[in-house]
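Here's the letter readout for the chains.
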Amino acid sequence: MPPKSVFITGCNRGIGLELVKQFLKQENGPTHIFATYRKISDELSEVAKSSPKVHLVEMEVTDYNKFPEVVRQVEAVVGSEGLNCLINNAGVLPKNRDLDSVTPEDMRQAFEVNCVAPLLFTRAMLPLLKKAADLQPGAERSVRRAAAIEMSTAVGSIAENSGGGLYAYRSSKTALNQAMKSLSVDLANTGVLVMSMHPGWVQTEMGAPNALITTETCCSEMLTLLKGLADKDHGAFLRYNNTSIPW
Ligand SMILES: NC(=O)c1ccc[n+]([C@@H]2O[C@H](COP(=O)([O-])OP(=O)(O)OC[C@H]3O[C@@H](n4cnc5c(N)ncnc54)[C@H](OP(=O)(O)O)[C@@H]3O)[C@@H](O)[C@H]2O)c1
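- As recorded in an unreviewed UniProt entry, the protein goes by the name C-factor, listed as coming from Pseudodiaptomus poplesia.

Structure, rendered in structure tokens:
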């Protein structure tokens, strides 16, 4: 079953925007969809105007001081039901990819946006996720109950790294996977599911020119995968089409 409420970072374009659109079309889909942006795009603005279910949240994911205000914004809407699903989707792929060009700033920026921010934002949202989980005591983990989805990438896999390069991006997403794994251990007794997701090679600003699938295909398969997540997927690293990725 889909979540009743979902919070997605980085929704003004790419995968985040398409997730918002597809959650809106879902049968028995969320009543509340929180969509973050830094500078709102016309497309996200149109989607938000089309449905009162969409709540726009302005958010730079590395603005840690703003997290409590964002949590209060969400709480004011979801109240005692808590938040069912957080998708930490916002991410960055620095331009300098090879050994000669990568800079300290590329490494720091990727690490901060792709690992530090999703970890600390998941922590900030935990009280709302736990509230939702506690409403279904004893139930199996699921996105309908409470889940934090960390948008990772297959190139964060050390085992599958045969191409080299991409120092900042790969390292930051490998670190995100490790943070997710620790979270899964620490949250073992909470009923909150945590997992890392590879969305596929997707036609977005980030994914071009090596993309193999459209945002539509990526998100429709991901939503199917999300609906089926259960206890067995806690702490897992999965592709959008529900195949597992070696660490
Ligand atoms: N596309 C692929 O093939 C692919 C493959 C594997 C994994 N992924 C992962 O999937 C996620 C989405 O990727 P995408 O392809 O949709 O990328 P995208 O088109 O480049 O979109 C990235 C989104 O993240 C937001 N963002 C970046 N830095 C941010 C920050 N500091 N604070 C707030 N928002 C920020 C961007 O907002 P602005 O518009 O304001 O910059 C944008 O909305 C990323 O985590 C990416 O690593 C993508």
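Next comes the rest of the description.
**Concerning the overall build of the protein**
And step 1. Broken down by element type, the protein carries six helices and seven strands.
And step 2. Secondary structure elements in the protein, listed N-terminal to C-terminal, are β-α-β-α-β-α-β-α-β-α-β-α-β.
And step 3. Against the 2.2 N^0.38 benchmark of 18 Å for 247 residues, the protein shows a C-alpha radius of gyration of 17 Å, consistent with a compact globule.
And step 4. Along the longest, intermediate and shortest principal axes, the C-alpha atoms of the protein span 50 × 40 × 35 Å.
And step 5. Put simply, the protein has 247 residues, and 52% of those count as buried.
And step 6. Taking contacts inside the protein between residues at least 6 apart in sequence as the whole, the part at least 24 apart equals 70%.
And step 7. On the protein, roughly 11400 Å² of surface is accessible, and the fraction owed to carbon and sulfur atoms is 51%.

**What to know about the packing of helix H1 (residues 14–25) against helix H6 (residues 215–228)**
And step 1. The geometry of H1 relative to H6 is characterised by a closest axis approach of 9 Å and an angle of 60° between their N-to-C directions. Considered as vectors, H1 and H6 are oriented oblique to each other. Two packed elements cross with a definite hand, and for H1 against H6 that hand is right-handed. Between H1, through Gly14, Ile15, Glu18, Leu19, Gln22 and Phe23, and H6, the contact on the second element is made entirely by Thr215, Glu216, Cys218, Cys219, Ser220, Met222, Leu223 and Leu226.
And step 2. Classifying every residue of the contact of H1 with H6 gives eight nonpolar, four polar and two charged.

**Some words on the site of the ligand**
And step 1. Near the ligand lie 28 residues; those nearest to it are Asn12, Arg13, Arg38, Tyr169 and Thr204.
And step 2. Backbone polar atom of glycine 91 to an oxygen atom of the ligand: 3.4 Å apart, as the coordinates give it.
And step 3. Here an oxygen atom of the ligand sits 2.5 Å away from a polar atom, N or O, in the side chain of threonine 204.
And step 4. Protein chains shield 94% of the accessible area of the ligand, which is 900 Å² for the free molecule.
And step 5. Contributions of two or more residues to the shell around the ligand are made by H1 and helix H5 (167–186).
And step 6. Across the shell around the ligand, the residue classes break down as twelve nonpolar, eleven polar and five charged.

**Some details on H5**
And step 1. The end-to-end C-alpha separation of H5 is 29 Å, in line with the 28 Å expected for 20 residues at 1.5 Å each.
And step 2. Burial in H5 covers these residues: Ala168, Tyr169, Arg170, Ser172, Lys173, Ala175, Leu176, Asn177, Ala179, Met180, Leu183 and Ser184.
And step 3. Buried residues belonging to H5 abut helix H4 (104–134), strand S5 (147–151), strand S6 (193–198) and strand S7 (237–239).

**Quick notes on the environment of threonine 174**
And step 1. Relative to the elements of secondary structure, threonine 174 occurs in helix H5.
And step 2. The spatial distance from the C-alpha of threonine 174 to the C-alpha of asparagine 65 is 25 Å, given a sequence separation of 109 residues.
And step 3. Beyond its immediate chain neighbours, meaning those up to four positions away, threonine 174 contacts Gly156 and Ile158.

**Focus: unusual backbone geometry**
And step 1. In this chain, alanine 208 is followed by proline 209 through a cis amide linkage whose omega measures 5°.
And step 2. Tracing the backbone through its elements, the reader meets proline 209 in the loop between S6 and H6.
And step 3. Located in the positive-phi region is leucine 166, a residue other than glycine, with phi close to 50°.
And step 4. By the secondary structure assignment, leucine 166 is in the loop between S5 and H5.
And step 5. The phi dihedral of asparagine 242 is positive, around 70°, even though this residue is not glycine.
And step 6. Note on placement: asparagine 242 falls in the segment after S7.
And step 7. Classification of asparagine 242 by relative accessible area gives partly exposed; the value is 47%.

Cut-off values and rules
- Along each chain, residues carry numbers from 1 onward, in the same order as the chain's sequence is written.
- Thresholds applied to this predicted model are a pLDDT of at least 70 for local features of residues and 80 or more for the giving and counting of side-chain atom pairs; totals over whole chains, interfaces and linings are not thresholded and use all residues.
- To obtain the side-chain values, all non-hydrogen atoms of the structure were included, while hydrogens and water were left out.
- A run of DSSP states H or I qualifies as a helix once it reaches four residues; a run of E qualifies as a strand once it reaches two. Both are numbered from the N-terminal end.
- In this description the radius of gyration comes from C-alpha coordinates, and the expected globular size is given by 2.2 Å times residues to the power 0.38.
- Working definition: with a 1.4 Å probe on protein chains only, accessible area under 20% of the residue-type maximum means buried, over 50% means exposed, and in between means partly exposed.
- We call two residues in contact whenever any of their non-hydrogen atoms come within 4.5 Å of each other.
- We get accessible surface area from the Shrake-Rupley algorithm with a probe of 1.4 Å; when it comes to residues, only the shown protein chains can shield them.
- Axes, fitted as lines to C-alpha atoms, cover a helix only where it is in contact. Angles between the N-to-C directions of the axes lie from 0 to 180 degrees.
- The scheme is simple: roughly parallel for angles under 35 degrees, roughly antiparallel for over 145, roughly perpendicular for 65 to 115, oblique for anything else.
- When the near helix sits turned anticlockwise from the far one by under a right angle, the crossing is termed left-handed; a clockwise turn instead gives a right-handed crossing.
- Residues are grouped as follows: nonpolar covers Ala, Val, Leu, Ile, Met, Phe, Trp, Tyr, Cys and Pro; charged covers Asp, Glu, Lys and Arg; every other residue, Gly included, is treated as polar.
- Each residue is tested against the molecule or strand, and it is near if at least one of its non-hydrogen atoms lies within 4 Å.
- In the analysis that follows, any N or O atom pair within 3.5 Å is treated as a polar contact, provided that within protein one partner can donate a hydrogen and the other can accept it, and provided that, for residues neighboring in sequence, both atoms belong to side chains.
- One less than the number of residues in a helix, times 1.5 Å, gives the span that helix is expected to have.

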